[in-house]
Amino acid sequence: MQDRKIISLLPAATEIICALGLEQQLVGRSHECDYPESVKNLPVCSSAKFLPGSNSAEIDRQVKEILSDSLSIYTVDKELIKSLAPDVIITQAQCEVCAVSLKDVEFAMNDLLEKGCQVISLEPHELSDIYRDIRNLADQLGVGAAGKDLLELSEERNDIIRHKLKFITEKPKVACIEWLSPLMIAGNWTPEIIEIAGGIPVLTEKGKHSGYVSFEDIQKEDPDIIVLMPCGFSVERTLKEINIMLELPGWRELKAIQDNRIYIADGNQYFNRSGPRITDSIEIMAEIINPKQFIFGYEGEGWIRFMQR
């Protein structure tokens with residue numbers, strides 16, 4: 001099959017394409033695609049309408065305001081995409097806030113689509129959907145064997161964790177916080193990540209979107225472990241807003257705080273991305289929940305323990 005020119009408007013899709021050995025076919029990316037490092041040289045085909053330097057509460061306010069006017073929070077650069085003349089555009093239909101959506105692409109690129117450009121839309125809600133999307137994308141791009149190899153490797157890595165935890169009966173309650181203000185608990189595939197890594201997810205449900213919670217809800221559950229992994233935030237970015245949590249009345253009384261089991265993970269690079277590094281995310285969670293059993297080497301880069309003074 002002749003090489004096709006691909007534009008990826010989703011960081012996870014960009015990672016899948018590169019993991020499948022097709023990076024040379026990428027001709028454009030979204031403003032959020034940043035892994036592997038080499039893709040940063042590609043033309044940027046989208047931008048965000050909200051101010052990225054804002055704090056959590058301000059980002060939430062801006063996003064809600066834009067969406068209340070029935071607008072997308074992202075802008076697609078139509079002229080640039082047309083000039084790149086892609087054969088394939090990859091986007092998503094999972095979350096209008098997370099990345100450029102299928103609706104955005106179809107609205108912006110009508111005439112290009114009429115010329116036969118294929119749009120592939122990913123829509124993962126749980127772990128099996130992520131693996132399905134990798135398989136389907138590999139098949140549609142003509143590299144089914146590479147997709148099979150990638151998925152087999154992921155399954156082998158997950159099985160190592162499952163096997164090692166087979167006889168561990170004590171499972172801690174884990175709350176993964178995906179947004180700081182207002183508070184949100186990570187949903188979709190995160191509950192499964194917690195379960196594979198040996199924990200019990202609280203205040204969330206597999207396959208359901210991340211949901212708003214009150215701090216009182218967290219106090220009632222009183223989880224053994226709290227992991228902060230705000231969507232789109234690095235560890236350093238989360239540390240800049242950690243006071244939002246530290247200043248909550250009753251924060252210090254939580255069991256996780258008393259036991260020094262509060263962690264900050266890189267949500268942007270790992271947990272929020274539905275691509276090949278979701279397996280890394282499972283290994284990170286295993287290190288956090290069961291540090292005596294697992295040392296994969298992510299501490300200090302993919303996650304840190306937050307020691308409250």
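Here, the structure is the one placed above.
Trainee: Looking at this structure, I do not really get the overall build of the chain. What am I missing?
Mentor: Across its full length, the chain carries 14 helices and 13 strands. By the burial criterion, 52% of the 309 residues in the chain qualify as buried. Across the chain, the fraction of contacts at a sequence separation of at least 24, relative to all contacts at a separation of at least 6, is 68%. Surface summary for the chain: the accessible area is close to 14,200 Å², and the carbon and sulfur share equals 51%.

Trainee: Teacher, can you tell me more about the pairing of strand S5 (residues 88-92) here?
Mentor: Moving residue by residue along a regular strand, the side chains alternate between the two faces of the sheet. With 5 of 5 residues buried, S5 is to be regarded as a mostly interior element. The alternating pattern of S5 places Val88, Ile90 and Gln92 and Ile89 and Thr91 on opposite faces, both of which are buried. Here strand S1 (residues 6-8) pairs with S5 via 3 bridges, running parallel. Looking at S5, one finds that isoleucine 6 is bridged to valine 88. Strand direction decides the pairing type here: S5 and strand S6 (residues 118-122), joined by 5 bridges, are parallel. Bridge pairing links valine 88 to glutamine 118 in S6.

Trainee: Just checking my understanding: could you explain the packing of helix H6 (residues 127-140) against helix H7 (residues 144-164) for this structure?
Mentor: Any two packed helices are characterised by how steeply their axes cross, that is the angle between the axes, and by the distance between the axes. Contact geometry for H6 and H7: axes closest at 7 Å, N-to-C directions at 160 degrees. Considering the angle they form, H6 stands roughly antiparallel to H7. Here the hand of the crossing between H6 and H7 comes out right-handed. Residues Tyr131, Ile134, Arg135, Ala138 and Asp139 of H6 touch H7, and the partners they reach there are Gly144, Gly147, Leu150, Leu151, Ser154 and Asn158. Grouping the amino acids of the contact of H6 with H7 by side-chain chemistry returns 5 nonpolar, 4 polar and 2 charged.

Trainee: Would you mind showing me how to read the sheet that holds S5 here?
Mentor: Two strands in a sheet stick together by hydrogen bonds in their backbones, pointing the same way (parallel) or opposite ways (antiparallel). Spatial strand order, S2-S1-S5-S6: 4 strands in an open sheet with parallel pairing. Strands with a single pairing partner mark the edges of an open sheet, and in this sheet they are strand S2 (26-29) and S6. Strand-to-strand twist in this sheet, taken as the mean axis angle between neighbours without regard to direction, amounts to 20 degrees. The sheet contacts of helix H1 (residues 11-19) involve S1, S2, S5 and S6, and relative to S1 the element is tilted by about 140 degrees.

Trainee: Is there a simple way to explain the packing of H6 against helix H14 (residues 278-289) in this structure?
Mentor: It is the contact of H6 with H14, at a shortest axis distance of 11 Å, that shows an interaxial angle of 150 degrees. The orientation of H6 relative to H14 falls into the category roughly antiparallel. Contacts between H6 and H14 involve Leu127, Ile130 and Tyr131 from the former and Ile278, Thr279 and Ile282 from the latter.

Trainee: Looking at this structure, I do not really get the nonpolar core. What am I missing?
Mentor: As a rule of thumb, nonpolar side chains are buried together in soluble globular proteins. In terms of nonpolar packing, the biggest core is built from 53 residues, with Ile90, Val227 and Met285 touching the most fellow members. Counting residues in hydrophobic clusters, the runner-up holds 21 residues, among them Ile185, Val213, Leu254 and Ile262.

Trainee: What is the right way to look at H14 in this model?
Mentor: Because each turn of an α-helix spans 3.6 residues, side chains separated by three or four positions in sequence point in the same direction. Given a rise of 1.5 Å per residue, 12 residues ought to cover 16 Å, and the 16 Å separating the end C-alpha atoms of H14 matches this to within 8%. The set of residues buried in H14 consists of Ile278, Thr279, Asp280, Ser281, Ile282, Glu283, Ile284, Met285, Ala286, Glu287, Ile288 and Ile289.

Trainee: What exactly am I supposed to notice about unusual backbone geometry here?
Mentor: Most peptide bonds take the trans configuration, and most residues that are not glycine carry a negative phi. In this structure, the amide linkage connecting tyrosine 35 to the following residue, proline 36, adopts the cis form with an omega of -5 degrees. Mapped onto the secondary structure, proline 36 falls in the loop between S2 and strand S3 (46-48). Cis geometry marks the peptide bond from serine 181 to proline 182; its omega dihedral reads 0 degrees. Its location among the elements puts proline 182 in the loop between strand S7 (173-179) and strand S8 (184-185).

Trainee: Would you mind going over the pattern of salt bridges with me for this structure?
Mentor: Two side chains carrying opposite charge are able to pair once their charged atoms lie near each other. Here the structure, examined in full by the defined rule, presents 18 salt bridges. The partner of glutamate 126 in a salt bridge is lysine 206, and the shortest N-O contact between them spans 3.9 Å. Of this pair, glutamate 126 sits in the loop between S6 and H6 while lysine 206 sits in the loop between strand S9 (200-201) and strand S10 (211-212), placing them 80 residues apart in sequence. Accessibility expressed as a relative area gives 43% for lysine 206, which makes it partly exposed.

Criteria and thresholds
- Residues numbered from 1 in each chain as written.
- Predicted model: local features only at pLDDT ≥ 70, side-chain atom pairs only at ≥ 80, totals over all residues.
- Heavy atoms only, no water.
- Helix = DSSP H or I, 4+ residues; strand = E, 2+ residues; numbered from the N terminus.
- Buried < 20%, exposed > 50% of the residue type's maximum accessible area, 1.4 Å probe, protein only.
- Contact = heavy atoms within 4.5 Å.
- Areas by Shrake-Rupley, 256 points an atom, 1.4 Å probe, with all protein chains shown as cover.
- Pairing = 2+ DSSP bridges.
- Axes fitted to C-alpha atoms, helices over the stretch in contact; angles between N-to-C directions.
- Parallel < 35°, antiparallel > 145°, perpendicular 65-115°, else oblique.
- Left-handed = near helix turned anticlockwise from the far one by under 90°.
- Nonpolar A, V, L, I, M, F, W, Y, C, P; charged D, E, K, R; others polar.
- Core = buried A, V, L, I, M, F, W, Y, C linked by side-chain atoms within 4.5 Å.
- Expected span 1.5 Å × (residues − 1).
- Salt bridge = Lys/Arg side-chain N within 4 Å of Asp/Glu carboxyl O.

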